[in-house]
Amino acid sequence: MDAESDVALDILITNVVCVFRTRCHLNLRKIALEGANVIYKRDVGKVLMKLRKPRITATIWSSGKIICTGATSEEEAKFGARRLARSLQKLGFQVIFTDFKVVNVLAVCNMPFEIRLPEFTKNNRPHASYEPELHPAVCYRIKSLRATLQIFSTGSITVTGILLYRYQTCQLWIG
């Protein structure tokens, strides 16, 4: 491959999932009645709260554990989690923002060519598995990154893992 045909891959982070604790018990009924942009799921025992800026959705349990999804960076996830904790404080809860952790990152990229999945799987057997009857993509696991790549025949790659916010490391593995 010559230097003129090298193509830079654009890896786009589409979702960052984070978890934090409030260190207090939360009354879900009070959050549902007094909070804004709230959906109360009484049968499951949780409240969904949506923020517009940053655009995240939080799942709140009465134990004080909160999961935030929908952010596009670690900084945005932390900012959204802190905004959520502040809105719970305004509802009268003694919230202390603790144990923030990014638990999952989802990224996508498109290769400029198609991929022959059976040959790819055969050449990368210990790490790759392909079951066309079950799923249209190759599942390629990178143990050192703790990441999973879903590789489709169209050249589309979906990367899921915890350490993906280390962007350069991820780009070295894919590129």
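Small disclaimer: the values here were computed from a predicted structure and weren't measured.

Caption draft 1: Quick look at the packing of aromatic side chains. Tallied over the full model, the rule gives 3 aromatic pairs. Measuring from centroid to centroid gives 4.9 Å for F20 and F97, while their planes differ by 40°, and the two rings are tilted. Placement of F20 in strand β1 (residues 12-21) and of F97 in the loop between α2 (74-90) and β6 (98-110) is noted, with a sequence separation of 77 residues between them. Ring plane angle 55° and centroid distance 5.9 Å describe the contact between F120 and Y140, whose orientation is recorded as tilted.

Caption draft 2: Up close: unusual backbone geometry. P54 follows K53 through a cis peptide bond whose omega is -5°. Positive phi values are uncommon outside glycine, yet R23 reaches one of about 60°. Within the fold, R23 resides in the loop between β1 and α1 (28-34). Its relative accessible area of 60% is what places R23 among the exposed residues. With phi around 55°, N37 is a residue other than glycine that occupies positive phi space. Tracing the backbone through its elements, the reader meets N37 in the loop between α1 and β2 (38-41).

Caption draft 3: Here's a closer look at the environment of W61. Assignment of secondary structure puts W61 in strand β4 (residues 56-61). Between the C-alpha atoms of W61 and L26, which are 35 residues apart in sequence, the distance is 7.3 Å. Apart from the residues lying within four places of it in its own chain, the contact partners of W61 are L26, L28, G45, K46 and I67.

Caption draft 4: Summary view of the nonpolar core. In this structure, I31, I66 and C68 are the most contacted members of the largest nonpolar core, which totals 44 residues. Of all the elements, α2 adds the most residues to this core, at 5 residues. Here this core spans two domains, and each of domain 1 (11-105) and domain 2 (111-161) adds at least three residues to it. If we ignore the near neighbours within four places in the chain, the residues touching C68 are V16, V17, C18, F20, I56, T57, A58, A81 and L84.

Caption draft 5: Spatial organisation of the sheet that holds β2. On the basis of which strands lie adjacent, the open sheet formed by 10 strands has the order β2-β3-β4-β5-β1-β6-β10-β9-β8-β7 and antiparallel pairing. Across the chains shown, the open sheet's two edge strands, defined by having one partner strand only, are β2 and β7 (128-130). Between one strand axis and the next, the sheet turns through 15° on average, direction left out of account. Of the pairings in the sheet, the one linking β6 to strand β10 (residues 156-161) comprises 6 bridges and is antiparallel in character. Bridge pairing in β10 links A107 to V159. Strands β1, β3 (46-51), β4, β5 (65-71) and β6 of the sheet are contacted by α2, whose axis makes an angle of about 135° with β5.

Caption draft 6: Expanded view of α2. Between its terminal C-alpha atoms α2 stretches 24 Å, which fits the 24 Å expected from 17 residues at 1.5 Å a residue. If you check which residues of α2 are buried, you get A77, G80, A81, L84, A85 and L88. Taken down its axis, α2 places every buried residue within 140° of arc, on the same side. Turned more than 90 degrees from where α2 packs its buried face, E75 and K90 sit exposed. Looking one or two places after α2, you find G92, whose phi comes out positive at around 105°.

Caption draft 7: Structural context of the side chain of T98. Mapped onto the elements of the fold, T98 is located in strand β6. When near neighbours in sequence (up to four residues on either side) are disregarded, T98 contacts F20, R21 and R23.

So, how was this worked out
- Residues numbered from 1 in each chain as written.
- Predicted model: local features only at pLDDT ≥ 70, side-chain atom pairs only at ≥ 80, totals over all residues.
- Heavy atoms only, no water.
- Phe/Tyr/Trp six-rings, centres within 6.5 Å; stacked < 30°, edge-to-face > 60°.
- Helix = DSSP H or I, 4+ residues; strand = E, 2+ residues; numbered from the N terminus.
- Buried < 20%, exposed > 50% of the residue type's maximum accessible area, 1.4 Å probe, protein only.
- Contact = heavy atoms within 4.5 Å.
- Core = buried A, V, L, I, M, F, W, Y, C linked by side-chain atoms within 4.5 Å.
- Domains from an automatic or database assignment.
- Pairing = 2+ DSSP bridges.
- Axes fitted to C-alpha atoms, helices over the stretch in contact; angles between N-to-C directions.
- Expected span 1.5 Å × (residues − 1).
- Arc of directions from axis to C-beta.

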